[in-house]
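These are the residues of each chain, in order.
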Amino acid sequence: MYKDIIEFIQNVYNTKEFIPLHEPRFIGNEKKYLNDCIESTFVSSVGKYVDTFELEFAKKVGAKYAVATVNGTAALHISLILADVKRDDEVITQPLTFIATCNAISYIGAKPIFVDVDLDTIGLSPKSLEEFLKANCEIIDSTCKNKTTGKTIKACVPMHTFGHACKIQEIQEICDEWHIALVEDAAESLGSYYNNKQTGTFGKLGAFSFNGNKIITSGGGGVIVTDDEKLAKKAKHLTTTAKIPHKWEYVHDEIGFNYRMPNLNAALLVAQLEQLDTFIKSKRDLALKYEELFSSVVDIDFVKEPSNSKSNYWLQAVIVKDVKNRDEFLDFTNKNGVMTRPIWKLMNELEMFKDCQCGGLKNSKYLEQRVVNISSSVVI
Ligand SMILES: *Cc1c(COP(=O)(O)O)cnc(C)c1O
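Model, not experiment: these values are computed from the prediction. (Residues numbered from 1 in each chain as written. Predicted model: local features only at pLDDT ≥ 70, side-chain atom pairs only at ≥ 80, totals over all residues. Heavy atoms only, no water.)

### Thoughts on the overall build of the protein
- Along the backbone of the protein there are 12 helices and 16 strands.
- Relative to a compact globule of 380 residues, whose C-alpha radius of gyration would be 21 Å, the protein shows 21 Å and is just as compact.
- When its C-alpha atoms are laid out on the principal axes, the protein stretches across 65 × 60 × 35 Å.
- The proportion of buried residues among the 380 residues of the protein is 55%.
- A sequence separation of at least 24 residues applies to 69% of the contacts in the protein between residues at least 6 apart.
- On the protein, roughly 17,000 Å² of surface is accessible, and the fraction owed to carbon and sulfur atoms is 52%.
- One finds the centroid of the 45 positive side-chain charges in the protein at a distance of 2 Å from the centroid of its 50 negative side-chain charges. (Helix = DSSP H or I, 4+ residues; strand = E, 2+ residues; numbered from the N terminus. Rg over C-alpha atoms; globule rule 2.2 N^0.38 Å. Buried < 20%, exposed > 50% of the residue type's maximum accessible area, 1.4 Å probe, protein only. Contact = heavy atoms within 4.5 Å. Areas by Shrake-Rupley, 256 points an atom, 1.4 Å probe, with all protein chains shown as cover. Lys, Arg positive; Asp, Glu negative; His and termini not counted. Charge placed at Lys NZ, Arg CZ, Asp CG, Glu CD.)

Here's what the structure looks like:
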């Protein structure tokens, strides 16, 4: 019964060769800008493409400021530092995410707390978040104290899984009420909306990634967005070795990071950003086709964009309802040249995070066993 699915995907991509899960497309001004960048000799830490990218990106997502970084993990790391997360603090996130979310929290010496996701968004559930806070926390001197661990919950990092917006406005309201800083992991959701506002712009800070598998890529790269001028300046400072601008002196006023995006990568990225709308349109068209295809497959549900939102459909996903059939679906598709891949293992089950505090994780467990990503490249 999965044969029809293989045929359908081969038709979409017009090939009988191996079909990867997601490959980048370089069909715009990439070579032109890269050549220009090389000829300018400014391939490294300063250059006009970094500046252009930051301006264009901020405009595109509707944020006041954007600061380019070397990758998405670095963008998250700096965002959490700017949200005042310190060693031994706690940060709430979801167990279904890519490891980078938890790594960034851990680099500071802070600890993740895992709260359940919603079934319809695969992202952090505002209801579960509120339940966790009411059961475990109290506000003392305008900070959120965890009564169970005695520590301070400084930040919350929801993630917009595969480009589907989580209920970020509700989450924002809960975070405000509990004095918790909201930092969005929008690595996967560039161009997605919740209530007509773009993901990544609800939080105090938002982080995006331009890794090779993301909707647009700079090879490797990331960006921090914020509406707060002070935070934006601080982000630039911290990601560029905390050097005080001077014509010749090297004076650094704190321990900074070499987290800047090279101009060479920014040149590629400026060209990719020009194509974002076309890429999103292609992915949304593909989603409609998949929706129709899977409506006639009894055991498999296609993951559609949640209500009140508009998805970039970065990675297309299905839910194999009967757990027993998941591996058979993975096996059959991969054997027949169509790459598919299960969603991540739950973070709280990994060695490094297995002693972290968790809320009830019923939905996360259900989805972990059933969600599979299918061919998602932009169709050309
Ligand atoms: C891709 C990704 C990141 C950042 O990854 P980098 O490879 O460091 O750019 C962070 N969080 C999530 C959820 C991601 O998918």
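### Remarks on the environment of Ile 280
- With respect to the helices, strands and loops of the structure, Ile 280 is situated in helix 10 (residues 276-295).
- With 243 residues separating them along the chain, Ile 280 and Cys 37 place their C-alpha atoms 27 Å apart.

### What about the site of the ligand?
- The environment of the ligand is made up of 16 residues, and the closest members are Gly 72, Thr 73, Glu 188, Ser 209 and Lys 214.
- One of the backbone N or O atoms of Gly 72 is found 2.8 Å from an oxygen atom in the ligand.
- Between the ligand and Ser 209 there is a distance of 2.6 Å, counted from an oxygen atom to a side-chain nitrogen or oxygen.
- Burial of the ligand by the protein amounts to 92% of the accessible area it has alone, namely 380 Å².
- Elements with a minimum of two residues in the shell around the ligand: helix 4 (72-82) and helix 5 (99-107). (Near = heavy atom within 4 Å. Polar contact = N/O pair within 3.5 Å; in protein donor to acceptor, adjacent residues only side chain to side chain.)

### Some details on the UniProt feature "modified residue: N6-(pyridoxal phosphate)lysine" (unreviewed entry) in the protein
- The positions that UniProt labels "modified residue: N6-(pyridoxal phosphate)lysine" (unreviewed entry) are, in the present scheme, Lys 214.
- With respect to the helices and strands, the residue Lys 214 is situated in the loop between strand 10 (205-209) and strand 11 (222-226). (UniProt positions renumbered as here; feature names shortened; annotations may be inferred.)

### Brief notes about the domain arrangement of the protein
- According to the domain assignment, the protein consists of domain 1 (2-24 + 276-345 + 369-373) and domain 2 (30-275).
- Each of domain 1 and domain 2 has a C-alpha centre, and the two are 28 Å apart.
- In this complex, domain 1 contributes 27 residues to the contact, which on the side of domain 2 involves 32 residues.
- For the domain 1 and domain 2 pair, buried surface summed over both sides reaches about 2,500 Å², with 62% attributable to carbon and sulfur atoms. (Domains from an automatic or database assignment. Buried area = accessible area lost by both parts, 1.4 Å probe.)

### So, the UniProt feature "active site" (unreviewed entry) in the protein
- In this structure's numbering, the residues bearing the UniProt feature "active site" (unreviewed entry) are Lys 214.
- Judged by its relative accessible area of 9%, Lys 214 falls in the buried class.
- Lys 214 has contacts with His 22, Ala 187, Glu 188, Ser 209 and Trp 314, leaving out every residue within four places of it along the chain.

### What about helix 10?
- For helix 10, built from 20 residues, the straight-helix expectation of 28 Å at 1.5 Å per residue is met to within 8% by its first-to-last C-alpha distance of 28 Å.
- When helix 10 is considered as a whole, its buried residues turn out to be Leu 276, Phe 279, Ile 280, Ser 282, Lys 283, Leu 286, Ala 287, Tyr 290, Leu 293 and Phe 294. One side of helix 10 carries all its buried residues, which in axial view fall inside an arc of 155°. Opposite the packed face of helix 10, turned more than 90 degrees from it, sit the exposed residues Thr 278, Lys 281, Leu 288, Glu 292 and Ser 295.
- Here the buried face of helix 10 lies against helix 1 (3-12), helix 3 (48-61), helix 9 (263-274), strand 12 (300-302), strand 14 (316-320) and strand 16 (371-374). (Expected span 1.5 Å × (residues − 1). Arc of directions from axis to C-beta.)

### Section: the side chain of Ser 125
- Among the structural elements, Ser 125 can be located in the loop between strand 3 (111-114) and helix 6 (126-136).
- One polar contact links Ser 125 to Asp 118, side chain to side chain, over a distance of 3.0 Å.
- Once you skip the residues sitting within four places of it in the chain, Ser 125 turns out to touch Asp 116, Val 117 and Asp 118.

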